[in-house]
Amino acid sequence: MEATVQGIFTSGYLPSSIGDYFELYEIIEPDVDNLPGCNYKWALEKFKTVAYSLEPSLFDLEKARDYFGSTVYEEKNPVRLIFSYLGLAICSYYLNKKEHVPAYLKKALSVPLPEPGFLSGWGKAESKKNNFLHALSPRLGILAETSAYSDEKRERKLYDLRKQIADCLESM
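Cut-offs applied
Residues numbered from 1 in each chain as written. Predicted model: local features only at pLDDT ≥ 70, side-chain atom pairs only at ≥ 80, totals over all residues. Heavy atoms only, no water. Helix = DSSP H or I, 4+ residues; strand = E, 2+ residues; numbered from the N terminus. Buried < 20%, exposed > 50% of the residue type's maximum accessible area, 1.4 Å probe, protein only. Polar contact = N/O pair within 3.5 Å; in protein donor to acceptor, adjacent residues only side chain to side chain. Core = buried A, V, L, I, M, F, W, Y, C linked by side-chain atoms within 4.5 Å. Contact = heavy atoms within 4.5 Å. Salt bridge = Lys/Arg side-chain N within 4 Å of Asp/Glu carboxyl O.

This paragraph deals with the side chain of Asn77. Relative to the elements of secondary structure, Asn77 occurs in the loop between helix H4 (58–74) and helix H5 (78–94). Residue Asn77 is classed as buried on the basis of its relative accessible area of 10%. A distance of 2.8 Å separates a polar side-chain atom of Asn77 from the backbone nitrogen of Val79. Side-chain polar atoms of Asn77 contact the backbone nitrogen of Arg80, separated by 3.2 Å.

Structure representation (structure tokens):
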């Protein structure tokens, strides 16, 4: 089953929500492991720590929130900026600050995207197993294979993500 933004907030299981987040992200920008050292990368690392643990730590989730919060002020890449706001929404949701979720989703929707073709060359669109999802998949009961995605398909997925965020926001 394909991950959705709505599913992130309805699963009720934090590792599953984070798994969905990574599934959505890695389709659009698949070369996650080669991000430069930055707050966004550290936020993703904290998300992975939470997802892998048997009892997710609120401390790690709060650190992820802090890193995502810093990222929204420094990130220029619109894809990472959108996913930073989505990360903030997930952290707020699971830290029982659900009143902040709509504001973060609205901010994700307000991120302007460049002209078509902007994803060309961002990340590697080659066939590969998704390392994070592949490792987490037995716990979540999902098949974690990603196939090659053209830049055009990745852009369509990003626009689809924005529609999902808008639909999720509307249903809140």
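Turning next to the nonpolar core. Within the largest apolar cluster, 45 residues are counted, with the highest numbers of intra-cluster contacts made by Phe9, Tyr21, Phe47, Phe68 and Phe83. Within the residue set of this core, elements represented by two or more residues are helix H1 (5–10), helix H2 (14–28), helix H3 (39–52), H4, H5, helix H6 (101–110) and helix H8 (151–171). Ignoring any residue separated from it by four or fewer positions in sequence, one finds Phe9 in contact with Leu86, Ala89, Ile90, Tyr93, Val101, Leu105, Cys168 and Met172.

Our focus in this paragraph is the pattern of salt bridges. Counted according to the given criterion, the structure contains 5 salt bridges. Close ionic contact of Lys46 with Asp60 constitutes a salt bridge, the shortest N to O distance being 3.3 Å. Of this pair, Lys46 sits in helix H3 while Asp60 sits in helix H4; the two residues are 14 residues apart in sequence, bridging distant segments of the chain. Looking at Asp60, the relative accessible area reads 12%, which means it is buried. A salt bridge links Asp66 to Arg65, with the nearest nitrogen and oxygen atoms 3.6 Å apart. Using a relative accessible area of 22% as the deciding quantity, one classes Arg65 as partly exposed.

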